[in-house]
Amino acid sequence: MFGPVREPLMRARQPQLVIVQPDDVTKVESGLQAALGGEMFGRDYRIIRPTDGATRWIRDNGFPIKNGQGAVVRIAGVARDVTEDRENVGALAESEERFRLLVEGARDYAMLVIGLDNRISYWSAGAERVFGWAAEEAVGQSGELIFTPEDRASGREAKERSIALREGCANDRRYHMRKDGSRIWIDGIMRRLDDEAGNLRGFAKIARNLTEEREADERLKRSH
């Protein structure tokens, strides 16, 4: 099948396939065949470690070595254990999925992210419910979108960002605007967002509609 040169090479590699997880054997063999065809290859696959039976992820990067006539006479490369890298990526993806489910499931809370250009870059399902704008309508709009005309005129949104920039967070309890023009009382907070190096990358705002509670309190005060 592989000719007089390829057959010894394949036989030499066969003992290594014994420790490969059965579902990944085909993947490893395809890499070997690529090398025998004169190509470099890279494969991630699982092995069953003989010493303790543990399953480990291996990243195998190989290349063919040819003689003066251009025939492949040896396959060389580096195999590295990348189990921890794979697990960290999986854990990160799982963490991000839990966060997404948490945010999207918080229907009574509006969550939005504002970039350094003061444009909305994220708009949760809760924000759609609270303020009325769909994500497609809100993303890309100014952070002033939900502020009342008088607060826009007084630069209230910029002041809020300034406080969050300086102190890390800023409280936000005031009337805001919905898409239909109605006003709702919001109890919220804006937080500064930093990257791993501590550099500012934007602001996150979390807000809850407490209009009914506020109106109930005002009615109670008037009754007294």
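Rules behind the numbers
Residues numbered from 1 in each chain as written. Predicted model: local features only at pLDDT ≥ 70, side-chain atom pairs only at ≥ 80, totals over all residues. Heavy atoms only, no water. Phe/Tyr/Trp six-rings, centres within 6.5 Å; stacked < 30°, edge-to-face > 60°. Buried < 20%, exposed > 50% of the residue type's maximum accessible area, 1.4 Å probe, protein only. Helix = DSSP H or I, 4+ residues; strand = E, 2+ residues; numbered from the N terminus. Patch = residues over 30% accessible without salt bridge, like charges linked within 9 Å, V, L, I, M, F, W, Y side chains within 5 Å. Areas by Shrake-Rupley, 256 points an atom, 1.4 Å probe, with all protein chains shown as cover. Salt bridge = Lys/Arg side-chain N within 4 Å of Asp/Glu carboxyl O. Lys, Arg positive; Asp, Glu negative; His and termini not counted. Charge placed at Lys NZ, Arg CZ, Asp CG, Glu CD. Contact = heavy atoms within 4.5 Å. Pairing = 2+ DSSP bridges. Axes fitted to C-alpha atoms, helices over the stretch in contact; angles between N-to-C directions. pLDDT = per-residue confidence, 0-100. Expected span 1.5 Å × (residues − 1). Arc of directions from axis to C-beta.

1. Quick word on the packing of aromatic side chains
Applying the stated criterion to the full structure yields two aromatic pairs. Taking 5.9 Å as the distance between ring centres and 45° as the angle between the ring planes, the aromatic pair formed by Trp123 and Phe131 counts as tilted. A single burial state applies to Trp123 and to Phe131, both of which are buried. Taking 5.1 Å as the distance between ring centres and 80° as the angle between the ring planes, the aromatic pair formed by Tyr175 and Trp185 counts as edge-to-face. Residue Tyr175 is located in strand β6 (residues 169–177), and its partner Trp185 is located in strand β7 (residues 183–194); the two are separated by 10 residues in the primary sequence.

2. Concerning a negative patch on the surface
Where like charges cluster on the molecular surface, the negative patch consists of Glu212, Glu213, Glu215 and Asp217. Looking at the secondary structure, you find Glu215 in helix α8 (residues 211–223). Exposure remark for Glu215: the relative accessible area of 36% places this residue in the partly exposed category.

3. A short note on the side chain of Asp151
Locating Asp151 in the fold gives a position in helix α6 (residues 149–153). Other than its neighbours up to four places away in sequence, Asp151 contacts Arg156, Glu157, Arg174 and Tyr175.

4. Describing the sheet that holds β7
One open sheet accounts for five strands, arranged β5-β4-β8-β7-β6; its pairing is antiparallel. Single-partner strands in this sheet number two, and they are β5 (120–123) and β6. Across the sheet, the mean angle from the axis of one strand to that of its neighbour is 25°, orientation sign disregarded. Pairing analysis gives nine bridges linking β7 to strand β8 (residues 200–209), with the strands arranged antiparallel. Within β8, the residue paired with Met190 across the bridge is Lys205.

5. Points about the confidence of the model for the protein chain
On average, residues of the protein chain score 80 in pLDDT, and 83% of them are at 70 or above. Between residues 1–15, whose pLDDT stays under 50, and residues either more than four places distant or in other chains, the model counts 18 contacts.

6. With respect to the pattern of salt bridges
Side-chain pairs of opposite charge can arise where the charged atoms are in close proximity. Per the counting criterion, the structure on display carries 15 salt bridges. Its salt-bridge partner being Asp151, residue Arg174 comes within 3.7 Å of it at the nearest N-O pair. One end of the pair, Arg174, is in strand β6; the other, Asp151, is in helix α6, with 23 residues separating them in the sequence. A single burial state applies to Arg174 and to Asp151, both of which are buried. Between Lys205 and Glu160 there is a salt bridge, with its nearest N and O atoms 2.5 Å apart. Pair noted here: Lys205 is in strand β8 and Glu160 is in helix α7 (residues 156–167), with a separation of 45 residues, a long-range link. Comparing Lys205 with Glu160, the two get one shared label, buried. Members of the salt-bridge network, linked through shared partners, are Asp151, Glu160, Asp172, Arg174 and Lys205.

7. Considering α7
With 12 residues, α7 extends 16 Å from end C-alpha to end C-alpha; this agrees with the ideal 16 Å at 1.5 Å per step. Within α7 the residues assigned to the buried category are Arg156, Glu157, Glu160 and Ala164. Summarising the axial view, the buried residues of α7 lie within an arc of 105°, below the 170-degree limit, and thus occupy one face. On its buried face, α7 sits against β4 (109–114), α6, β6, β7 and β8. Just past α7, the residue Gly168 takes up positive phi, approximately 100°.

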